[in-house]
Amino acid sequence: MKKTILLFSLLVLGCKSLKKAEYKSTIKKIPTKILIDEIENRKPQYDFLSIRSQSTFTENNSTNQFNLGIRIQKNEKILITGSILIPLFKALLTKDKVAFYEKISRNFYRGGYQYLSSMLNHEFSLSAFQKMLTGQPITNFSEIKWKQLNSLDSYILESYYKKKDIISEYRFNPIDFTLISQKITSKKNTLIIEYENYQLVDGSFFPQKIKILANSQGNELKVSLGLKTSKTGNPNMFSFEIPKGYKELKL
């Protein structure tokens, strides 16, 4: 239970909805560079985000549900609080550190991103989690060579990172270039993130539903997030302090 909550806390719209489009004909292929430029130009614009989420996640055969509050200060920090009827846990992600405490067991963790990165065989960071929550590719397009795959209903970009034997695949809506799914696989690890429905919030698209599947060496984690996002917040909304008397977790 404690491991599940920690993993989930690390992973981890009052507007018109945009549902998945239905495609009935083959899309017109465009040059890969133009496609990447179009995707980059449509990144959501914001300084702060406040997200409310109902979440369900299953680790192996154990299922739990939480209400989440997520606050994002772009490129600076992410604050996550989890509750059912009472507050259960709180986590703060910054550029180089992760801090977390769980109230029932009175445990806390403070460290870097190495633990989760080693489990998923991908270099996770504050930026990666921020992108994952806002429907953006977690891989930087400029760092790897990409090829475009043929598809009848979406634009697909794929890359192979030979040094770590990792294949990354991104699928985009051909109408508005929103992200449909991202998949990162290696011999022992798989990470799949799927996005269903987007909402237009002050000129930017944000996902309404995210499904995450992480499979690492036989351990499987499934997460489902229903999201409602607004562009609200300020630097004073990220207070975090580990209570005295809590026991440190060693991961």
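Please refer to the structure higher up on the page.
In short, a report on the structure.

When helices and strands are tallied, the chain shows four helices and 15 strands. Here the chain holds 251 residues, and 47% of them are scored as buried. Accessible area for the chain stands at about 13,400 Å²; split by element, carbon and sulfur atoms hold 49% of it.

Let's shift gears to the packing of aromatic side chains. Tallying each qualifying case throughout the model produces 15 aromatic pairs. On the numbers, 5.4 Å between centres and 85° between planes, the contact of Phe66 with Phe89 is edge-to-face. Remark: Phe89 occurs in strand E5 (residues 87–94) and Phe66 occurs in strand E3 (residues 62–73); sequence separation between them is 23 residues. The pair formed by Phe66 and Phe89 is uniform in burial state, with each residue classed as buried. Measuring from centroid to centroid gives 5.9 Å for Tyr101 and Tyr246, while their planes differ by 85°, and the two rings are edge-to-face.

Our focus in this paragraph is unusual backbone geometry. Located in the positive-phi region is Arg106, a residue other than glycine, with phi close to 60°. By relative accessible area, which is 42% here, Arg106 ends up partly exposed. One non-glycine residue, Asn197, lies in the positive phi region at around 70°. Tracing the backbone through its elements, the reader meets Asn197 in strand E12 (residues 189–201). Judged by its relative accessible area of 26%, Asn197 is partly exposed.

This part is about the side chain of Ser53. With respect to the helices, strands and loops of the structure, Ser53 is situated in strand E2 (residues 48–59). Within the structure, the side chain of Ser53 is placed 3.1 Å from the backbone oxygen of Gly226, a separation counted as a polar contact.

Going through the model one piece at a time under the given rule, you end up with nine salt bridges. Glu76 serves as the salt-bridge partner of Lys95, at 3.6 Å between the closest nitrogen and oxygen. Pair noted here: Lys95 is in the loop between E5 and strand E6 (98–102) and Glu76 is in the loop between E3 and strand E4 (77–83), with a separation of 19 residues, a long-range link. Judged by its relative accessible area of 34%, Glu76 is partly exposed. Residue Lys147 is joined to Glu158 by a salt bridge in which the shortest nitrogen-to-oxygen separation is 3.6 Å. Remark: Glu158 occurs in strand E9 (residues 155–161) and Lys147 occurs in strand E8 (residues 147–149); sequence separation between them is 11 residues. The exposure class of Lys147 is partly exposed, given its relative accessible area of 46%. Taking the relative accessible area as the measure of exposure, Glu158 reaches 18% and is therefore buried.

Moving on, we come to helix H2 (residues 32–41). Burial in H2 covers these residues: Leu35, Ile36 and Ile39. The buried residues of H2 occupy an angular sector of 95° when the element is viewed end-on, so they sit on one face. Those residues of H2 that are exposed and angled more than 90 degrees off the buried face are Lys33 and Asn41. The inward-facing, buried residues of H2 contact E8, E9 and strand E10 (166–172).

Counting buried positions over the eight residues of helix H4 (residues 126–133) gives seven, a clear majority of the element. Buried within H4 we find Leu126, Ala128, Phe129, Gln130, Lys131, Met132 and Leu133. Following H4 by one or two positions, Gly135 has its phi on the positive side, about 75°.

On to the environment of Gln148. Looking at where Gln148 falls in the secondary structure, it is placed in strand E8. Using a relative accessible area of 11% as the deciding quantity, one classes Gln148 as buried. Sequence spacing of Gln148 and Pro31 is 117 residues, and the spatial spacing of their C-alpha atoms is 8.4 Å. Apart from residues no more than four positions distant in its own chain, Gln148 is found in contact with Lys29, Ile30, Pro31, Thr32, Leu35, Tyr155, Ile156 and Leu157. In this structure the side chain of Gln148 is engaged in a polar contact, spanning 2.8 Å, whose partner is the backbone oxygen of Ile30.

Rules used throughout
- Residues numbered from 1 in each chain as written.
- Predicted model: local features only at pLDDT ≥ 70, side-chain atom pairs only at ≥ 80, totals over all residues.
- Heavy atoms only, no water.
- Helix = DSSP H or I, 4+ residues; strand = E, 2+ residues; numbered from the N terminus.
- Buried < 20%, exposed > 50% of the residue type's maximum accessible area, 1.4 Å probe, protein only.
- Areas by Shrake-Rupley, 256 points an atom, 1.4 Å probe, with all protein chains shown as cover.
- Phe/Tyr/Trp six-rings, centres within 6.5 Å; stacked < 30°, edge-to-face > 60°.
- Polar contact = N/O pair within 3.5 Å; in protein donor to acceptor, adjacent residues only side chain to side chain.
- Salt bridge = Lys/Arg side-chain N within 4 Å of Asp/Glu carboxyl O.
- Arc of directions from axis to C-beta.
- Contact = heavy atoms within 4.5 Å.

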